[in-house]
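The lines below spell out each chain.
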Amino acid sequence: IMHLPDNLLGMGSGSGGKDGVPLKALYRQQTQSAFEHREFPFFTLTTFPPGFLVHVGGVVSARSVKLLDRIHNPDEPETRDAWWAEIRQEIKSHGKALGCHAVVGYSESTSICEEVCILSASGTAAVLNPKMLQDCSTEGCSEHRLDDASSLGCSFCHIPYDELNMPFPAHLTYCYVCRKQKVPDVLFTTIEPPLEAAVTGKGCLIQARLCRQKKKTQGEANATAISNLLPFMEYELHTQLMNKLKLRGMNALFGLRIQITVGENMLMGLASATGLYLTALPSPGGIQIAGKTPNDSSYEQHISNIQKKINDTIIKNREIYEINPPIDDADAVEDIHSLLTDTPTPAGFYSCNTEIMPGINNWTSDLQMFTTVRVFRLNNVTGLTSHGLNKAFSDLCENLLKTLYFKLRSMVPCCLCHVNFNVALPEDELIQVSVTAVAITYDKDQAQYVTKVCTDKTILKASVENEDQLQFTLELCMESQSSQSALHFSPCKTMGITESGNLQQVTPAAQRVASLDKASPLAEAHTHHRSPISCTTSTVTVVEMTPLSFIPGAKIAKYLGIINMFFIRETTSLREEGGVSGFLHAFIAEVFAIVRAHVAALGGNAVVSYIMKQCVFMENANKNQAQCLINVSGDAVNLFRDADVESAPSQPQTSGLQIGNGSGDVVT
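Residues numbered from 1 in each chain as written. Predicted model: local features only at pLDDT ≥ 70, side-chain atom pairs only at ≥ 80, totals over all residues. Heavy atoms only, no water.

Caption draft 1: Focus on the overall build of the chain. Broken down by element type, the chain carries 14 helices and 22 strands. Residue burial in the chain is summarised as follows: out of 668 residues, 53% are buried. Here the analysis covers contacts within the chain between residues at least 6 apart in sequence; of these, 82% occur between residues at least 24 apart. (Helix = DSSP H or I, 4+ residues; strand = E, 2+ residues; numbered from the N terminus. Buried < 20%, exposed > 50% of the residue type's maximum accessible area, 1.4 Å probe, protein only. Contact = heavy atoms within 4.5 Å.)

Here's what the structure looks like:
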């Protein structure tokens, strides 16, 4: 069919200028030798120790449209492996074009509709520290001395490619921190913000949404139509991201994730990222609108009003996100489609799709994970214009975010972290959007957050010194040891939200029997022997769940293994179970309870890096039937809190939850 070239989402970084050329060439030579034995030097990691990322080139991506019926033997993987090898080779070539020899934050995804499959891959081209690659040990990495640029937090922003032979047109300026190397005007990445990055103000969630119609065709004609649409969709998504980034007065995107979903008569694109203002990069220009009919006075007045509204919005966003850089002249940008339609975030809320929000360092241990699934039916799709489809899809996402803000209003001030959107087109005229995220409160007056760096160092040190880091404990601990390690652990608060938007706290099965003394032999054995965080004899350990790789204020003592579970549920009495909303809500609540029970059986007390990979819902309203498949995964861990250790002897363990009232308040 066809392969799509890189969509130029990377406005790269690296070293420029006379003094930077020798150092840049040396790093390239050392890094190239370190990766000579690796066919695809790709890293799926998104966080790295300080100094590991020397330069970041930008986002590289590749997509390919394939026909599944071309696979002669579906049981053999050779054809599929060849397809992915082509995609990976293209990613590698794009990285080399940016002067990089590695790709970090790499991910692959597919979207399948009947016999057509879209293969997608993306990552961030980067130059890595060759010394850290060779030493491998944590102690060796921490002992490396950072250069001046790294210590200033601007090194990774410097362009890695040659200024005279740039792979694409870009506006370069000298770094606003060190004033020595060249930096681009904007930077897109798929990774978490580096710990050493110099950031001004706070960030926010930025989304670009797009929906396009296509004819119902079969076979190669269908694949060709999709291939012709994809480049234009990626360009429009990129344009929306650029405009919304400028509208918020920011100059960098982190955690960028672009999802292309194919249906029988529609193509949907959803790009999510966290916008930030990097101090090293220049201030973004404004957005200037040029009228097409200069002689029409009424039209000119309309354009003038829109321009004033845009300028006022930029100034307001700079105040909200505490961005106070020098303001440059406005740049001419076309296409203001859906620029001002995003609903502003309510006061007291921040949101991002990365694990942490730069600028907020005083997290508390009060967190709330949630999953919401919303199904929306489009009426008369063929009669809608492209603008109408885009507006319907955008309104769906906006209303979903509004619902989350309303239901979580009792947690203000808080930040919605790791906001993960998934879009599916299960049937004609049917759009399904699922969101998983965690709301974390923060204290404006006192810092209670233990940084992730310290947590990681503690984990690595414990893994070396302790001998009991087995995934499955072979010998049960003594009862006296268990009683000594009994800690006070606050009840977990995980909730499910379904189509209706009603938010209800989910009480796991283990917690529902908390008031019964010795209700289950498994629970009793788990309380006394398995978990290092145990409750009193009248309660069962509560398992926390979070999409983050850590829990604020807690330290991970042991990793117990990955959890990867599939669930299928069907019903022949959909209306009697509360319709689509009731069916999905009950199913998601049961998934949470089963995952908790499984982790508790392994001796764990928390699930980190939780993700709902698949949620496939199908219904037959005429027959009152529905089916749903859910795939979830995460890491089962044992963790403990320093505060709980100190308060365990003096504070009794409390059990039970106070369920929020009908208004959706979340309380414990």
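Still more ground to cover, so stick around.
Caption draft 2: Highlighting the packing of aromatic side chains. Summed over all chains, the structure comprises 9 aromatic pairs. Ring centres 5.7 Å apart and planes at 35° place the aromatic pair Phe40 and Phe42 in the tilted group. Ring plane angle 50° and centroid distance 5.1 Å describe the contact between Phe349 and Tyr405, whose orientation is recorded as tilted. Of this pair, Phe349 sits in strand S13 (residues 349–351) while Tyr405 is found in helix H8 (residues 386–407), placing the two residues 56 residues apart along the sequence. Relative accessible area serves as the criterion here: at 6%, Phe349 is assigned to the buried category. When the ring centre of Tyr176 is taken as reference, the NZ or CZ atom of Arg179 above it lies at 4.8 Å. The aromatic ring of Tyr174 is capped on one face by Lys182, whose charged end is 4.8 Å from the ring centroid. (Phe/Tyr/Trp six-rings, centres within 6.5 Å; stacked < 30°, edge-to-face > 60°. Lys NZ or Arg CZ within 6 Å of the ring centre and 35° of its normal.)

Caption draft 3: The nonpolar core, seen in detail. In this structure, Phe188, Val595, Ile630 and Val632 are the most contacted members of the largest nonpolar core, which totals 84 residues. Broken down by element, this core gets its largest block of residues, 10 residues, from helix H13 (residues 579–601). In this view, Val595 contacts Met545, Met565, Phe567, Val607 and Val632; residues no more than four positions away in its chain are not counted. If you look at the next biggest cluster of nonpolar residues, it comprises 31 residues, including Cys211, Phe349, Leu378 and Leu401. (Core = buried A, V, L, I, M, F, W, Y, C linked by side-chain atoms within 4.5 Å.)

Caption draft 4: Broad picture of the state of the cysteines. Scanning all chains against the criterion turns up 0 disulfides. Of all cysteine sulfurs in the structure, the one in Cys175 sits closest to Cys157, which takes part in no disulfide; the separation is 6.8 Å. Cys157 sits in the buried class, given a relative accessible area of 1%. Note on Cys352: no disulfide assigned, nearest cysteine sulfur contributed by Cys417 at a separation of 4.2 Å. Since its relative accessible area comes to 0%, Cys352 is described here as buried. (Disulfide = S-S within 2.5 Å.)

Caption draft 5: Just unusual backbone geometry, in detail. Note the cis peptide between Val412 and Pro413, where omega equals 0°. Its identity as a non-glycine residue notwithstanding, Arg179 has a phi of 60°, on the positive side. Along the chain, Arg179 falls in the loop between strand S5 (173–174) and strand S6 (182–183). Judged by relative accessible area, which is 54%, Arg179 ranks as exposed. Residues other than glycine seldom take positive phi values, yet Ser609 does so here, at roughly 55°.

Caption draft 6: Focus on the sheet that holds strand S9 (residues 252–262). Strand order in the open sheet formed by 4 strands is S7-S9-S10-S8, and the pairing between neighbours is mixed. Each having just a single partner strand, strand S7 (187–188) and strand S8 (199–213) make up the two edges of the open sheet. By the bridge criterion, 12 bridges tie S8 to strand S10 (residues 266–278) in an arrangement that is antiparallel. Following the sheet pairing, Leu210 is matched in S10 by Gly269. Contacts from helix H6 (residues 219–247) reach S7, S8, S9 and S10 within the one sheet, and its direction differs from that of S8 by about 150°. (Pairing = 2+ DSSP bridges. Axes fitted to C-alpha atoms, helices over the stretch in contact; angles between N-to-C directions.)

Caption draft 7: Spotlight on a negative patch on the surface. On the surface, a cluster of negative charge is made up of Asp75, Glu76, Glu78 and Asp81. For Glu76, the position within the fold is in the loop between strand S2 (53–67) and helix H2 (78–97). On the basis of relative accessible area, Glu76 is assigned to the partly exposed category, the value being 37%. (Patch = residues over 30% accessible without salt bridge, like charges linked within 9 Å, V, L, I, M, F, W, Y side chains within 5 Å. Areas by Shrake-Rupley, 256 points an atom, 1.4 Å probe, with all protein chains shown as cover. Salt bridge = Lys/Arg side-chain N within 4 Å of Asp/Glu carboxyl O. Lys, Arg positive; Asp, Glu negative; His and termini not counted. Charge placed at Lys NZ, Arg CZ, Asp CG, Glu CD.)

Caption draft 8: Geometry of the sheet that holds strand S22 (residues 625–641). Pairing within the open sheet is mixed, and its 4 strands lie in the order S19-S21-S22-S20. Each edge of the open sheet is held by one strand with a lone partner, namely strand S19 (544–545) and strand S20 (554–571). Sheet contacts for H13: S19, S20, strand S21 (606–620) and S22; angle to S20, the most-contacted strand, approximately 140°.

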